[in-house]
Every structure is written in C-alpha cells, then in structure tokens.
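Structural characterization, general
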Amino acid sequence: MSVWQVWLLVGVPALAIALACFARGSRVLWLVGLVVLVVGCAGVMAVSPASGAAFGGLLALLYATGRGSGKRPRESADAQEAAPDDGYSRQP
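Below, the structure is looked at part by part. Position labels on residues start from 1 in each chain and follow its written sequence. Since the coordinates come from a predicted model, pLDDT governs what is reported: local features require at least 70, and pairs of side-chain atoms require 80 or more to be given and counted, while whole-chain, interface and lining totals use all residues. Side-chain figures throughout are based on the complete set of non-hydrogen atoms in the structure, without hydrogens or water.

A closer look at the overall build of the chain
Counting from the N terminus, the helices are the DSSP runs of H or I reaching at least four residues and the strands are the DSSP runs of E reaching at least two. When helices and strands are counted, the chain shows four helices and zero strands. The order of α-helices and β-strands along the chain, N terminus first, is α-α-α-α. Counting all 92 residues of the chain, 24% fall into the buried class. Of the accessible surface of the chain, which amounts to about 6900 Å², a share of 65% is contributed by carbon and sulfur atoms. Residue exposure (1.4 Å probe, protein chains only): buried if accessible area is under 20% of the type maximum, exposed if over 50%, otherwise partly exposed. To measure how exposed things are, a 1.4 Å probe is used in the Shrake-Rupley method; for residues, cover is taken only from the protein chains shown.

Remarks on the environment of V6
As for its placement among the helices and strands, V6 is situated in helix α1 (residues 3-24). For the pair V6 and S48, spaced 42 residues apart in sequence, the C-alpha separation works out to 8.9 Å. Contacts between residues were defined by any pair of non-hydrogen atoms, one from each residue, lying within 4.5 Å. Excluding residues that lie within four positions of it along the chain, V6 makes contacts with M1, G11, G43, V44 and V47.

Here we look at α1
Residues three or four positions apart in an α-helix share a direction because the helix packs 3.6 residues into each turn. Along its 22 residues, α1 runs 30 Å from first to last C-alpha, staying within 8% of the 32 Å computed at 1.5 Å per residue. At G11, α1 shows its maximal kink, close to 30 degrees; a proline, P13, follows between one and four residues later. When α1 is considered as a whole, its buried residues turn out to be V6, W7, G11, A14, A18, C21 and F22. In this scheme, a helix's expected span is set at 1.5 Å multiplied by one less than its residue total. For a residue, the bend is simply the angle between two axes, fitted respectively to the seven-residue segment ending there and the seven-residue segment starting there.

Re the nonpolar core
The set of buried Ala, Val, Leu, Ile, Met, Phe, Trp, Tyr and Cys residues whose side-chain atoms join them within 4.5 Å is what this entry labels a nonpolar core. Core analysis: the largest hydrophobic core is formed by 13 residues, its most contacted members being A18, F22, L37, V44, F55 and L62. Mapped by element, the contributors of at least two residues to this core are α1, α2 (27-47) and α3 (52-65).

Quick word on the packing of α1 against α2
Only C-alpha atoms enter the line fits that serve as axes; for helices the fit covers just the stretch in contact. Angles between N-to-C directions range over 0 to 180 degrees. Remark: α1 packs on α2, axes separated minimally by 8 Å, with the N-to-C direction vectors making an angle of 165 degrees. The orientation of α1 relative to α2 falls into the category roughly antiparallel. Handedness of the crossing formed by α1 with α2: left-handed. In this structure, α1 uses V3, V6, W7, V10, G11, A14, L15, I17, A18, C21, F22 and R24 to contact α2, whose residues at the interface are L29, W30, V32, G33, L34, V36, L37, G40, G43, V44 and V47. Classes in brief: Ala, Val, Leu, Ile, Met, Phe, Trp, Tyr, Cys and Pro nonpolar; Asp, Glu, Lys and Arg charged; the others, Gly included, polar. When grouped by side-chain class, the residues that make up the contact of α1 with α2 number 18 nonpolar, four polar and one charged. Reported orientations rely on four angle classes, namely roughly parallel under 35 degrees, roughly antiparallel over 145, roughly perpendicular from 65 to 115, and oblique for the rest. Here is the rule for handedness: rotate from the far helix to the near one, and if that takes an anticlockwise turn smaller than a right angle the crossing is left-handed, while a clockwise turn gives right-handed.

What follows is the structure in structure tokens.
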C-alpha cells in the first residue's frame, strides 16, 4: 500500500473519530479517542514512519489546549466577577 492509501484508510478515519471523542469532554470518550490515535499512529507508522509526526503533533496540540485531558476548564476570575448581583452583596 502507498502512503496515500494508508492515510485514506487508516489516518483520516482515526483522526476524525479521535477528534469527535475529544470534543465531547467525557473521560471515557477521552480514553477511546486516545486509543484510536495510538492505533492509527501505529497503522500509519507501519508504512511511513515520518507520518507519525502528524499524530504526535495532534496529540501535543490537544494536550497544550487542554482538549485531551478529559477535564472541564475552570471558570475564570472574569466570569465570576461578571455574575449578576443576587441582592446580598456588601455595600461599601
């Protein structure tokens, strides 16, 4: 098989499934997405070792943005300050 055929049969579907799993934010789906990426990386690297860089780059990008952690982001201080007044706030 050529590199293009492997990417069309293994790489692109693996990336699509993994990104769909990571977009949900569930811990179980995060693990499924991680397994799909590892299997896809192994399948593509069997034909073209240089193609593993695409999967590694995607994993690094997802980790850096916090998408691949399976955790929900905390509210920022700005979001907490912008909360509507409940009528019980202290008056200076």
